[in-house]
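A look at the structure
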Amino acid sequence: MTEQKTTSTSSAAPSFARVSLLIYLLLIVYASWYPFAGWRDLGLTAFAYLSAPLPHYWTVFDVWTNVAGYLPLGMLMVLSLPRWRRWSPYWAVLLATLAGILISGCMEAVQTFLPTRVASNLDLMTNSAGALLGAVLGAILRPRFGPDSRLLQLRERWFNREASQGMVVVALWPLAQIYPLSHLFGFGQFTSMLSTWLSDLLEQPVDLQGWLTNDIQFSADQYWLTETIITACGLTGAALTFLILLRQQAPKLPLTLLLVFATLMAKTLATALLFAPDNAFVWLTPGSFGGLLIGGLMLGGLAYAPQLAQRRLAGLTLIMALLLVNIMPDNPYYTETLQTWSQGKFLNFNGVAQFLALLWPFCTLWFLFHPMHQRRRKLALRESR
């Protein structure tokens, strides 16, 4: 039993890092090729940028953004490697750096065919430097994630053994708040994006939300009620997803409150940065405030319910929020607010944030209904016998 526990504890960090690495790779691809439109061929080869002169115009912001963007990639690659008793840290750093260079080189090559992007050898160099720095940082931190580290001991004491995927999903919840949403916790709005794609494809305006609602004109009270339901369901679904990761002896209430507080602070800071400091709390509408109160009351009654009930209710509330977000049209006030939003240098960053806001509920539903929960339940029944 002790050997099994040690093995599961030592494999927790690589498992968490590998899931994080996969998601971060998807984010890099999305950020590098966003907005995925207007592909064209200028008669240049994909890797012509390698022999081109260095760009004459560049900013310190661009350089540091490229370095910071690939730093987590290099770190996660090193942390994702199997236990390296036979591995040298130098080889791990070299392998992660080379992988970062190849990934960045491919991203820049594809940008040759995008009108809004410019393939740059300077970007390749700064991205490679970020991957190198991240790999070195990962090599320094790797020993701290061993079986005897306090962090993994705390993880083993508070979280279930199979919680790695769920921990990644929950950790992305505050980050998904960065993108401006028409409703608080209103993730997964894909009908507007599909409408834009279909309009471009068919060369005529397509409004899926109008088709679903039959172009009904909603009142202010109906918008308010919809936002309340979406906020309450989104909060309840995310918090219950977090609660099913925790063991009985974990401080559930303080950890859940900390997660919600961090999420709302991320929303506030992102709103202040993207719009103006005076609009930092523009998301706190009467509808969202009512949804927070109702969601808090629901969580108060479900915090100590059986995990099977929590998992099913989490999935149900997220599905309800997902349906309402895609059926109801955008609030006119939200649409007017977006007119003041200038993406500017944050085009890539906002593309990643939009990608997170779109996919987060689907990733969470995948986790909630994954067969591993059934296997864990059967294992718990056997141990109880």
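Report follows, based on the coordinates.

Scoring rules and cut-offs
Residues numbered from 1 in each chain as written. Predicted model: local features only at pLDDT ≥ 70, side-chain atom pairs only at ≥ 80, totals over all residues. Heavy atoms only, no water. Helix = DSSP H or I, 4+ residues; strand = E, 2+ residues; numbered from the N terminus. Buried < 20%, exposed > 50% of the residue type's maximum accessible area, 1.4 Å probe, protein only. Contact = heavy atoms within 4.5 Å. Areas by Shrake-Rupley, 256 points an atom, 1.4 Å probe, with all protein chains shown as cover. Expected span 1.5 Å × (residues − 1). Phe/Tyr/Trp six-rings, centres within 6.5 Å; stacked < 30°, edge-to-face > 60°. Polar contact = N/O pair within 3.5 Å; in protein donor to acceptor, adjacent residues only side chain to side chain. Core = buried A, V, L, I, M, F, W, Y, C linked by side-chain atoms within 4.5 Å. Patch = residues over 30% accessible without salt bridge, like charges linked within 9 Å, V, L, I, M, F, W, Y side chains within 5 Å. Salt bridge = Lys/Arg side-chain N within 4 Å of Asp/Glu carboxyl O. Axes fitted to C-alpha atoms, helices over the stretch in contact; angles between N-to-C directions. Parallel < 35°, antiparallel > 145°, perpendicular 65-115°, else oblique. Left-handed = near helix turned anticlockwise from the far one by under 90°. Nonpolar A, V, L, I, M, F, W, Y, C, P; charged D, E, K, R; others polar.

Each helix and strand counted, the chain has 15 helices and zero strands in total. Counting all 385 residues of the chain, 47% fall into the buried class. Summarising the internal contacts of the chain: among those between residues at least 6 apart in sequence, 83% fall at separations of at least 24. For the chain, the exposed surface amounts to about 21,000 Å²; the carbon and sulfur share of it is 68%.

Looking now at helix α11 (residues 286–302). Over its 17 residues, α11 runs 24 Å from end to end, which matches the ideal 24 Å to within 8%, given 1.5 Å per residue. Residues of α11 that are buried: Gly 287, Ser 288, Gly 290, Gly 291, Leu 292, Gly 295, Leu 299 and Leu 302. Residues of α11 that are buried in the fold lie against α9 (220–243) and α12 (307–327).

On to the packing of aromatic side chains, then. Enumeration over the complete set of coordinates arrives at seven aromatic pairs. Here Phe 187 and Trp 360 contribute two aromatic rings whose centre-to-centre distance is 5.5 Å and whose plane-to-plane angle is 55°, an arrangement assigned as tilted. Pair noted here: Phe 187 is in the loop between α6 (164–176) and α7 (191–202) and Trp 360 is in helix α14 (residues 347–368), with a separation of 173 residues, a long-range link. For the pair shown, Phe 187 and Trp 360 are each scored as buried. Members of the aromatic cluster, each reached through a chain of ring pairs, are Trp 173, Phe 185, Phe 187 and Trp 360.

Structurally, Ser 182 can be placed in the loop between α6 and α7. What makes Ser 182 buried here is its relative accessible area of 8%. A distance of 3.1 Å separates the side chain of Ser 182 from the side chain of His 183, its partner in a polar contact.

Right, let's talk about the nonpolar core for a bit. Note that soluble globular proteins tend to have their nonpolar side chains buried in a common cluster. Core analysis: the largest hydrophobic core is formed by 72 residues, its most contacted members being Leu 73, Trp 173, Phe 242, Leu 245 and Trp 360. For this core, the element with the most residues is α14, which contributes 10 residues. Leave out the neighbours within four places in its chain, and Trp 173 touches Phe 185, Phe 187, Gly 234, Leu 235, Ala 238, Leu 259, Val 260, Thr 263 and Trp 360.

In this section: unusual backbone geometry. Trans peptide bonds make up the majority, and among non-glycine residues the majority have a negative phi. Notably, Phe 185 is not glycine yet its phi reads approximately 65°, a positive angle. Secondary-structure assignment places Phe 185 in the loop between α6 and α7. Exposure remark for Phe 185: the relative accessible area of 3% places this residue in the buried category.

With respect to the helices and strands, the residue Ser 288 is situated in helix α11. Judged by relative accessible area, Ser 288 falls into the buried class, the value being 0%. If we skip the residues at most four places from it in the chain, Ser 288 touches Leu 184, Glu 227, Thr 231 and Trp 283.

To continue, consider the environment of Pro 53. On the secondary structure map, Pro 53 appears in the loop between α1 (2–33) and α2 (60–80). Pro 53 gets classed as exposed once you look at its relative accessible area, which sits at 67%. Counting along the chain gives 68 residues from Pro 53 to Asn 121, while the straight-line C-alpha distance between them is 8.1 Å.

It is worth spelling out α2 at this point. With 21 residues, α2 extends 31 Å from end C-alpha to end C-alpha; this agrees with the ideal 30 Å at 1.5 Å per step. Within α2, the full set of buried residues consists of Asn 66, Val 67, Tyr 70, Leu 73, Gly 74, Met 75, Leu 76, Met 77, Val 78, Leu 79 and Ser 80.

You can see Ala 309 is positioned in helix α12. Among the residues examined, Ala 309 registers a relative accessible area of 30% and is labelled partly exposed. C-alpha separation for the pair Ala 309 and Leu 240, spaced 69 residues apart in sequence, amounts to 9.6 Å.

Once that is clear, we can look at a nonpolar patch on the surface. A contiguous nonpolar patch, built from Phe 190, Leu 194, Trp 197, Leu 198, Leu 201, Leu 202 and Phe 362 and spanning about 650 Å² of accessible area, is present on the exposed surface. Looking at the nonpolar patch element by element, the count peaks at five residues for α7. Here Phe 190 shows up in the loop between α6 and α7. Residue class for Phe 190 comes out partly exposed when judged on its relative accessible area of 31%.

Across the interface, α9 lies against helix α10 (residues 252–274) with an axial gap of 10 Å and an inter-helix angle of 135°. Classified by the angle their axes make, α9 and α10 are oblique. The two elements α9 and α10 meet at a crossing, and its hand is right-handed. From α9, Leu 235, Ala 239, Phe 242 and Leu 243 reach across to α10, where they touch Lys 252, Leu 255, Thr 256, Leu 259 and Val 260. Among the residues forming the contact of α9 with α10, the class breakdown is seven nonpolar, one polar and one charged.

Attention shifts here to the environment of Cys 106. In this structure, Cys 106 sits in helix α3 (residues 89–111). With 74 residues separating them along the chain, Cys 106 and Ser 32 place their C-alpha atoms 9.9 Å apart.

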